[in-house]
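Chains, contacts and geometry: an overview
Given next are the chains, with one letter for each unit.
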Amino acid sequence: MTGNSILGQISECVVKAESEELVRELTQKAVTEGYAAKDIIDQGLLAGLDTIGGMWTRGDAFIPEVLLSAKIMSAGMEVIRELIVKSGVKPVGKVVIGTVRGDVHDIGKSLVAMLLGSAGFEVTDLGVDVAPERFVQVIKAEKPDLLGMSALLTTTMPGIADTIKAIQKEGLEVVTIIGGAPVTQEYADRIGANGYAPDAVSAVAKAKELLKIKR
Ligand code: B1M
């Protein structure tokens, strides 16, 4: 991809954290030009975040810059989300999703939530730093078919296991799917999660498989 392509411009806008207005404008332009939402996300918005994430890891960028880039990226994501909502698809199932206790990483979870939404699920996104008790409370109130949990830190992964234990203790029936950079299939099996997905696209496929949804 060249820096001059619209997706390259979006990526650059995220890296430089230029402005929310510009990223919205560029994302809207990419949509108008016919790019698929997935490509705008992967090759534009996420590519930019990957670049700044790499710079941070190498010590070439600092947390405030990463945060600002994440904010700019979210503004672009919002444009895509609005398009999905407007398409008005009938729900195929109900999902509650959140990043677990102590963890404020939002982007991967929001991406999974957005793609589930675009696949026709009704999604309740509880945001970040969600305690097991909060998940339990919402499951009781909303009776979702699926509960999605995300963790990005090795130190917050146990929050997934704690939530599954709390759900079992309450005798609640909900299918669980988990993910996030440090999470693995082996971990999912060990803590009794119903499913694991390594990325947002396979999370949608796994959700449909677990709930036996054909379309
Ligand atoms: Co943080 N951070 N961070 N961070 N951060 C990582 C995760 C880290 C790997 C960076 C590093 O050291 N190289 C490292 C974790 C090390 C570890 O534990 N193994 C780390 C650390 C250490 C920290 C802090 C502790 C830093 C500090 O303060 N000293 C701190 C912790 C804060 C907290 O949560 N309590 C911290 C803070 C932050 C920011 C706030 C600055 C910011 C988050 C902003 C935000 O989310 N609004 C941030 C960021 C941006 C990152 C990196 C750069 C990018 C994460 C991201 O959004 N990736 C990250 C390094 C990296 O990954 N390169 C890093 C893009 C996203 C699309 O990918 O979230 O993996 P990901 O989601 C994927 C899959 O994992 C999967 O699908 C997604 C899309 O394909 N997936 C699921 C995710 N959830 C799923 C759920 C599913 C299924 C699939 O089912 C429900």
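About the criteria used
- Residues numbered from 1 in each chain as written.
- Predicted model: local features only at pLDDT ≥ 70, side-chain atom pairs only at ≥ 80, totals over all residues.
- Heavy atoms only, no water.
- Near = heavy atom within 4 Å.
- Polar contact = N/O pair within 3.5 Å; in protein donor to acceptor, adjacent residues only side chain to side chain.
- Helix = DSSP H or I, 4+ residues; strand = E, 2+ residues; numbered from the N terminus.
- Nonpolar A, V, L, I, M, F, W, Y, C, P; charged D, E, K, R; others polar.
- Domains from an automatic or database assignment.
- Core = buried A, V, L, I, M, F, W, Y, C linked by side-chain atoms within 4.5 Å.
- Buried < 20%, exposed > 50% of the residue type's maximum accessible area, 1.4 Å probe, protein only.
- Contact = heavy atoms within 4.5 Å.
- Pairing = 2+ DSSP bridges.
- Donors = N, O, S within 2.8 Å, 3.2 Å for Na, K, Ca; no water.
- Buried area = accessible area lost by both parts, 1.4 Å probe.
- Salt bridge = Lys/Arg side-chain N within 4 Å of Asp/Glu carboxyl O.
- Axes fitted to C-alpha atoms, helices over the stretch in contact; angles between N-to-C directions.
- Left-handed = near helix turned anticlockwise from the far one by under 90°.

**Some thoughts on the site of the ligand**
What surrounds the ligand is a group of 33 residues, the closest being G102, V104, H105, D106 and S150. Taking D106, its main chain carries an N or O atom lying 2.7 Å from an oxygen atom of the ligand. The separation between a nitrogen atom of the ligand and a polar main-chain atom of G180 is 3.5 Å. Contributing elements (two or more residues each) for the shell around the ligand: α3 (37-57), α4 (63-86), α5 (107-118), β3 (146-150), β4 (175-179) and α9 (200-210). When residues in the shell around the ligand are grouped by element, the largest group, five residues, is from α3. Its residues assigned to classes, the shell around the ligand shows 20 nonpolar, 10 polar and three charged. A domain split of the shell around the ligand shows at least three residues from each of domain 1 (6-87) and domain 2 (93-210).

**Concerning the nonpolar core**
Residues I10, V23 and L45 are the most contacted members of the largest nonpolar core, which totals 41 residues. Both domains that furnish three or more residues to this core are identified here as domain 1 (6-87) and domain 2 (93-210). When residues no more than four places from it in sequence are discounted, the contact partners of I10 are V23, L26, T27, A30, I40, G44 and L45. Of all hydrophobic cores here, the second largest spans 25 residues; its members include L126, V136, I164 and A166.

**Observations concerning the pairing of strand β1 (residues 93-99)**
β1 sits mainly inside the fold: six of its seven residues count as buried. Sheet analysis places β1 next to strand β2 (residues 121-125), joined by five bridges and oriented parallel. Bridge pairing in β2 places V96 opposite T124. Bridge analysis of β1 against β3 gives five bridges, and the strand direction is parallel. Bridge pairing in β3 places I97 opposite G148.

**Topic: the coordination of the cobalt atom of the ligand**
No other protein atom reaches the cobalt atom of the ligand as a donor apart from H105 (NE2), found 2.2 Å away. Along the chain, H105 turns up in the loop between β1 and α5.

**Things to note about the sheet that holds β4**
The strand order β2-β1-β3-β4-β5 describes an open sheet built from five strands, whose pairing is parallel. Taken across any chain shown, the strands that pair with only one partner, and hence form the sheet edges, are β2 and β5 (195-196). As paired elements, β4 and β5 share two bridges and run parallel to each other. Paired with I177 across the two strands is G195, which belongs to β5.

**A short note on the domain arrangement of the chain**
When cut into domains, the chain gives domain 1 (6-87) and domain 2 (93-210). In this structure, domain 1 and domain 2 have C-alpha centres spaced 24 Å apart. The interface of domain 1 with domain 2 comprises 10 residues on the first partner and six residues on the second. A buried area of about 740 Å², summed over both sides, lies between domain 1 and domain 2, and 88% of it is on carbon and sulfur atoms. Looking only at domain 1, the three residues that lose the most surface to domain 2 are M77, R81 and I84, adding up to 49% of its buried area. At the surface where domain 1 touches domain 2, the tally comes to zero salt bridges. At the surface where domain 1 touches domain 2, the tally comes to zero residue pairs in polar contact (both at pLDDT 80 or more).

**Observations concerning the packing of helix α1 (residues 6-15) against α3**
For the pair α1 and α3, the least separation of the axes is 8 Å and the interaxial angle reads 35 degrees. Once α1 is placed against α3, the crossing between them reads as right-handed. The segment α1 lies against α3, with L7, I10, S11, V14 and V15 engaging D39, I40, Q43, G44, L45, A47, G48, L49, T51, I52 and M55. Taken together, the residues of the contact of α1 with α3 sort by class into 10 nonpolar, five polar and one charged.

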